[in-house]
Amino acid sequence: MFAFKRTAVQLAKAKLHRYTHTLALLETNGAKLTPGSLSTITAAKAINKPITALLVGPDAKEAASEVATFAGIDKVLIQSDERYAHYLPEQVSPLVVSLLKDEYTSFVVPASSVGKGVLPRAAALLDFQPLSDVTKVIDSATFVRPTYAGNAILTVKSTDPIVMTSIRSSAFPPAEEKRSDAAPVEEIAPVEEIAPVDTDCKTVWVREELMKSDKPDLASAKIVVSGGRALKDKTTFEKLLNPLAEKLGAAIGASRAAVDAGYCDNSLQVGQTGKIIAPDLYIGIGISGAIQHLAGMKDSRVIVAINKDEEAPIFKVADVGIVGDIYEIVPELTEKL
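Residues numbered from 1 in each chain as written. Predicted model: local features only at pLDDT ≥ 70, side-chain atom pairs only at ≥ 80, totals over all residues. Heavy atoms only, no water.

(A) Examining the pattern of salt bridges more closely. Counting across every chain of the model gives ten salt bridges. Between Glu238 and Lys234 there is a salt bridge, and its shortest N-O distance comes to 3.2 Å. Note that Glu238 and Lys234 are positioned in helix α7 (residues 234–248) at a spacing of four residues, about one turn of the helix. Its relative accessible area of 42% is what places Lys234 among the partly exposed residues. We note a salt bridge from Arg301 to Asp280, for which the minimum N-O separation is 3.9 Å. Taken as a pair, Arg301 in the loop between α9 (291–297) and β16 (302–307) and Asp280 in the loop between α8 (256–260) and β15 (281–285) lie far apart in primary sequence, 21 residues in all. Given a relative accessible area of 63%, Arg301 falls into the exposed group. (Salt bridge = Lys/Arg side-chain N within 4 Å of Asp/Glu carboxyl O. Helix = DSSP H or I, 4+ residues; strand = E, 2+ residues; numbered from the N terminus. Buried < 20%, exposed > 50% of the residue type's maximum accessible area, 1.4 Å probe, protein only.)

See below:
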């Protein structure tokens, strides 16, 4: 019986480790970290605890060599089982929970579609309250986050034993600082070997259809050109926005109204239910500026709005407003560029 008991020293070490470590679930695109994951590393460093990075899926081993070189990363855990290839939250959440139960007091994940799937499930399994869309870290338990589509800013403090947060990537710069020596990389066992869970997952991966584009990625682009419902149809949307975006080296975005009308793919939606971005330059063309759209782009460094309605709400947040016909202004602007 006594063989299974920890000594006082072992318990003290375990407690010290538990209260000084953050687990960061990072996403990869191939063997590279996503922009949101790089920003998550920056936010995790602000919590001021050693960081253990968790990488899952077939690309985990290849990506680990890069992750291990970032300053602040204390250790890299990888689980390269094929079942984690597509980040199904029903598969990833039990793995996260099995790790959090024993060692960590902080958990961070990008506020991406993956993070929005994993964070609430893992928090529910542990019966903790997650804090989503964090835009500032005050200390290890206190954070700033927006609410009411960004119209109110909250400072919140968690009293849970494990503080679970998702990080809004537009609020934190991507990690760049490297450490002098690489952090250790450790392969962990599949979840059923380290914790008893229900493995009868009823969610299966069927397929994905990705929009291929030669333009910059919307989530990390420095310049974004967005179109709204006023562009009438898909042909007009592309004809008006693509030449301007090409001249500027910009990504293409859209309002929800434009996406719902079929002008472009829904991966280009900017707003509360789309992508939250903060480029150096945001040009809104034919976008009225509904509160849900403004929540996704109002942190941009410079906002240019082009709209024929001088009362459009977007002009209230715009640094430069041009009132007029977009079918005259945009081609002229493109030509002069």
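Let's pick the thread back up.
(B) Structural view of the sheet that holds strand β9 (residues 142–147). Taken together, the three strands give an open sheet; going across it, the order is β8-β9-β10, and neighbouring strands pair in antiparallel fashion. Each having just a single partner strand, β8 (136–137) and β10 (152–157) make up the two edges of the open sheet. As defined by bridge partners, β9 adjoins β10 across six bridges and the pair is classed as antiparallel. Residue pairing across strands places Val144 opposite Thr155, the latter belonging to β10. (Pairing = 2+ DSSP bridges.)

(C) View of unusual backbone geometry. One non-glycine residue, Asn48, lies in the positive phi region at around 65°. Following the sequence through the fold, Asn48 ends up in the loop between α2 (35–46) and β4 (51–56). By relative accessible area, Asn48 is classed as exposed at 69%.

(D) Focus on the sheet that holds β16. What the five strands build is an open sheet, ordered β14-β13-β15-β16-β17; its pairing is parallel. At either margin of the open sheet sits one strand with a lone partner, and together these are β14 (251–254) and β17 (320–323). Across the sheet, the mean angle separating the axes of adjacent strands is 15° when strand polarity is ignored. The sheet contact formed by β16 and β17 spans four bridges and is parallel. (Axes fitted to C-alpha atoms, helices over the stretch in contact; angles between N-to-C directions.)

(E) Highlighting the side chain of Thr22. You can see Thr22 is positioned in strand β1 (residues 22–25). Look past the residues within four positions of Thr22 in its chain and what remains in contact with it is Ala44, Ile47, Lys49, Pro50, Ile51, Thr52, Tyr104, Ser106 and Val108. (Contact = heavy atoms within 4.5 Å.)

(F) Structural view of the pairing of strand β11 (residues 163–167). Of all the five residues making up β11, five are buried; the element is thus mostly covered by neighbouring parts of the structure. Neither face of β11 is exposed, since Val163, Thr165 and Ile167 on one face and Met164 and Ser166 on the opposite face are all buried. Examined bridge by bridge, strand β6 (residues 106–110) and β11 share five bridges and lie parallel to one another. Bridge pairing in β11 links Pro110 to Ile167. Note that strand β7 (residues 131–134) and β11 share two bridges and pair parallel.

(G) Layout of the domain arrangement of the protein. Domain annotation of the protein identifies domain 1 (21–193) and domain 2 (223–336). A separation of 32 Å is found between the C-alpha centroids of domain 1 and domain 2. Taken residue by residue, the interface counts six residues in domain 1 and eight residues in domain 2. Across the domain 1 to domain 2 interface the summed buried area is about 620 Å²; carbon plus sulfur atoms make up 46%. (Domains from an automatic or database assignment. Buried area = accessible area lost by both parts, 1.4 Å probe.)

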